[in-house]
Amino acid sequence: MLTTRPRGTSDILPGEVEKWQYLEQVIRRLCREYGYSEIRTPIFEHTELFERGVGETTDIVQKEMYTFRDRGGRSITLRPEGTAAVVRAYLENKLYAGPQPVKLYYTGPMFRYDRPQAGRYRQFHQLGVEVLGSHDPALDAEVVAMAMDLYARLGLKDLELHINSVGCPRCRPVLREKLQDFFRARLDRLCPHCRDRLERNPLRILDCKEERCREAGRGAPTSLDHLCPGCGDHFQAVLKHLDNLGVAYTVDCSLVRGLDYYTHTAFEIIARGIGAQNSIGGGGRYNGLVEECGGPDVPGIGFALGLERILLTMEQQGVVFPRPPKLDVFLATADEAARDRALVLVQKLRREGLAADRDYLGRSLKAQMKYAGKLEVGLVAILGSDELAHGVVSLRDMATGNQEEVPLDRLAEEIKQRCSEVKL
RNA sequence: GUGGAUGUAGCUCAGUUGGUUAGAGCACCAGGUUGUGGCCCUGGGGGUCGUGGGUUCGAGUCCCAUCUUCCACCCCA
């Protein structure tokens, strides 16, 4: 073999791809029902979009981007997430001039240069949802509820919804400083990791698994105590709306998001049992991002869900995927004369909207039957010189073994009728 | 980027202290007499033993390097 697929990528093969198609189908219906339109942006963007949009200090920008120079010398980056590009497209195409708010969704591959492990890949897929142009806390609640609705529709159970408010540009720096002051006084009690975190991301220290850091974090200032009145009111309103919707949540003061653009509401959904990478979705508000990208002061909120991780959780929880039949009918031939007619007949069936196929390997009738059995085709139409002479086809029900002759001109109708019976 | 484990047919794995043409089950293909699947029987194709070096008379078996995959850390979907 010349080479293999790049590390952390995967080939989604027949057998597996049907699960993706099912997931995508549920997603599209959900988004339509919630009033979202699909947007498709490029897989790659100018690097500065992510540097500015996602944030220079984030791990994504500092060590996880697939960045390269194109032949024109431009710095290009394979998108590591979707929000920045949607905001760019919103501005570039002046969507703020249309009816507000703008509700958009996307699915597709994202790229991050990380070491692969359970639930983490270099090319992975997300469903993302973004709403631009509304501050309404009811929208925050609806966005959270929409994510939970998707999981429910897919049959997922026992998920944990964590929610927090990370404040706004007025109150966040205050908390940050208080936290830094708090931990600076306890620096010697922190693990080496957390000493690094102190400058970069002090909130993370509260999340550390080391016992001594948990000990040191006791009594630390929390985000909720330091929200400014505006942020506090907003957060309380979001929680109230979630209560009204019957969405169960845990307020988690240690929840931070890894991307710089988040303000106010931040949330994350955790699934147990799929390994260390157990976050199957997350999101929040980003009221400063549009302006940061050079646009008007327009608020935004959204989420991103990891499709691989959702599929992983579905499998772990034993969810059964619907398995539509590959073919409606297989056309088997008994001899050379029938073979010539088969080509024409199978085309005719396809034009009738049926999924039909035949043998291409010159196999014996027996081998063709065997093949049809393996494909789990419900019906096999058998054509031989006897049938040709009478203008009929022997139609065999593979589940029961019953077989009867059907006139050629009624074949398509007969198959359609039997297929619809099976579905009922 | 760091740490640990792993790598023999399409898949799951055997392969004894290094010793002749590397095996099994499943899968695939073909047969088991005249035009018929799911069970059974028979036969067949398919492996540069991840890759590259090295030690040795001789390496799938030992040593080194490298890559992949898996798991974890950091972080995230």
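Residues numbered from 1 in each chain as written. Chains lettered and ligands numbered in written order. Predicted model: local features only at pLDDT ≥ 70, side-chain atom pairs only at ≥ 80, totals over all residues. Heavy atoms only, no water.

1. Observations concerning the sheet that holds strand S13 (residues 356–358)
Inference 1: Read from one edge to the other, the open sheet built from 5 strands follows the order S13-S12-S14-S15-S16, with strand pairing classed as mixed. Two strands lie at the open edges of the sheet, namely S13 and strand S16 (403–407), each paired on one side alone. Direction aside, the axes of adjacent strands within the sheet are offset by 30° on average.
Inference 2: Two strands pair when backbone bridges link them, and strand S15 (residues 392–397) and S16 are joined in this way by 5 bridges, in the antiparallel orientation. Bridged to Ser394 within S16 is Glu405. (Pairing = 2+ DSSP bridges. Helix = DSSP H or I, 4+ residues; strand = E, 2+ residues; numbered from the N terminus. Axes fitted to C-alpha atoms, helices over the stretch in contact; angles between N-to-C directions.)

2. Let's talk about the domain arrangement of chain A
Inference 1: Under the domain assignment used here, chain A contains domain 1 (17–171 + 227–316) and domain 2 (329–419).
Inference 2: Each of domain 1 and domain 2 has a C-alpha centre, and these two points are 49 Å apart. (Domains from an automatic or database assignment.)

3. Comments concerning the pairing of strand S10 (residues 279–285)
Inference 1: Most of S10 sits out of view: 7 of its 7 residues are buried.
Inference 2: Alignment of S10 against strand S11 (residues 300–306), held across 5 bridges, turns out to be antiparallel. By the bridge assignment for S11, Gly284 is matched with Gly302. (Buried < 20%, exposed > 50% of the residue type's maximum accessible area, 1.4 Å probe, protein only.)

4. With respect to the UniProt feature "binding site: L-histidine" (unreviewed entry) in chain A
Inference 1: This chain's UniProt record puts "binding site: L-histidine" (unreviewed entry) on Glu81, Gly82, Thr83, Arg112, Gln126, Glu130, Arg257, Tyr261 and Tyr262.
Inference 2: Tracing the backbone shows Glu81 in the loop between strand S4 (75–78) and helix H4 (83–92).
Inference 3: In this view, Glu81 contacts Phe50, Val54, Met110, Arg112, Gln126, Leu259 and Tyr261; residues no more than four positions away in its chain are not counted.
Inference 4: From its side chain, Glu81 meets the backbone nitrogen of Thr83 in a polar contact 3.3 Å long.
Inference 5: Structurally, the position occupied by Gly82 is in the loop between S4 and H4.
Inference 6: Taking relative accessible area as the criterion, Gly82 reaches 5% and is therefore assigned buried.
Inference 7: Beyond its immediate stretch of four places on either side in the chain, Gly82 contacts Tyr106, Met110, Gln126 and Glu130. (UniProt positions renumbered as here; feature names shortened; annotations may be inferred. Contact = heavy atoms within 4.5 Å. Polar contact = N/O pair within 3.5 Å; in protein donor to acceptor, adjacent residues only side chain to side chain.)

5. Overview of the packing of aromatic side chains
Inference 1: Counted according to the given criterion, the structure contains 7 aromatic pairs.
Inference 2: Seen from their ring centres, Tyr66 and Tyr113 are 5.5 Å apart, and the 70° between their planes marks the pair as edge-to-face. Separated by 47 residues along the polypeptide, Tyr66 in strand S3 (residues 66–69) and Tyr113 in the loop between strand S5 (102–111) and strand S6 (123–132) bring together distant segments of the chain.
Inference 3: Exposure remark for Tyr113: the relative accessible area of 44% places this residue in the partly exposed category.
Inference 4: Ring centres 5.6 Å apart and planes at 70° place the aromatic pair Tyr261 and Tyr286 in the edge-to-face group. One end of the pair, Tyr261, is in the loop between strand S8 (250–251) and strand S9 (263–271); the other, Tyr286, is in the loop between S10 and helix H10 (289–292), with 25 residues separating them in the sequence.
Inference 5: Overall, Tyr261 belongs to the buried group, its relative accessible area being 7%.
Inference 6: Here the aromatic residues Tyr261, Tyr262 and Tyr286 are joined through ring pairs into a cluster of three or more.
Inference 7: We note Lys19 situated over the ring of Phe321; from NZ or CZ to the ring centre the distance is 5.4 Å.
Inference 8: Here the guanidinium or amino end of Arg122 rests over the ring plane of Tyr113, the centre of that ring lying 3.9 Å away. (Phe/Tyr/Trp six-rings, centres within 6.5 Å; stacked < 30°, edge-to-face > 60°. Lys NZ or Arg CZ within 6 Å of the ring centre and 35° of its normal.)

6. Some remarks on the sheet that holds strand S2 (residues 44–46)
Inference 1: Ordered in space as S2-S4-S3, the 3 strands form an open sheet in which the pairing is antiparallel. Whereas interior strands pair on both sides, the edge strands pair on one side only; in this sheet they are S2 and S3. Ignoring which end each strand starts from, the neighbouring axes of this sheet average 30° apart.
Inference 2: Of the pairings in the sheet, the one linking S3 to S4 comprises 4 bridges and is antiparallel in character. In the strand pairing of S4, Tyr66 is matched with Leu78.

7. Some details on the side chain of Arg339
Inference 1: By the element assignment, Arg339 lies in helix H12 (residues 336–351).
Inference 2: A residue is classified by how much of its surface remains accessible, and Arg339, at 16% relative accessible area, is buried.
Inference 3: For Arg339, the side chain forms a polar contact with the side chain of Asp359, separated by 3.4 Å.
Inference 4: When neighbours within four sequence positions are excluded, Arg339 is seen to be in contact with Thr333, Arg358, Asp359, Gly362, Arg363 and Gln368.

8. Describing the environment of Gln316
Inference 1: Along the chain, Gln316 falls in helix H11 (residues 307–316).
Inference 2: Under the relative-accessibility criterion, Gln316 is labelled partly exposed at 42%.
Inference 3: Residues Gln316 and Lys157, 159 residues apart in the sequence, show an inter-C-alpha distance of 11 Å.
Inference 4: Contact partners of Gln316, with chain neighbours within four places excluded, come to Arg272, Gly273 and Ile274.

9. Remarks on H11
Inference 1: The element H11 is extensively covered by neighbouring structure, given that 7 of its 10 residues are classed as buried.
Inference 2: Three or more residues of H11 are buried, namely Leu307, Glu308, Arg309, Ile310, Leu311, Thr313 and Met314.
Inference 3: Elements that come into contact with the buried residues of H11 comprise helix H1 (17–33), S6, helix H5 (137–153), S9, S10 and S11.
Inference 4: Just past H11, the residue Gly318 takes up positive phi, approximately 70°.

10. Remarks on the pattern of salt bridges
Inference 1: Counting across every chain of the model gives 25 salt bridges.
Inference 2: When the shortest N-O distance is used, the salt bridge between Lys416 and Glu413 registers 3.8 Å. Taken as a pair, Lys416 and Glu413 lie in helix H15 (residues 411–423) at a separation of 3 residues, close to a single helical turn.
Inference 3: Through salt bridges with shared partners, a single ionic network connects Glu404, Arg410, Glu414 and Arg418. (Salt bridge = Lys/Arg side-chain N within 4 Å of Asp/Glu carboxyl O.)

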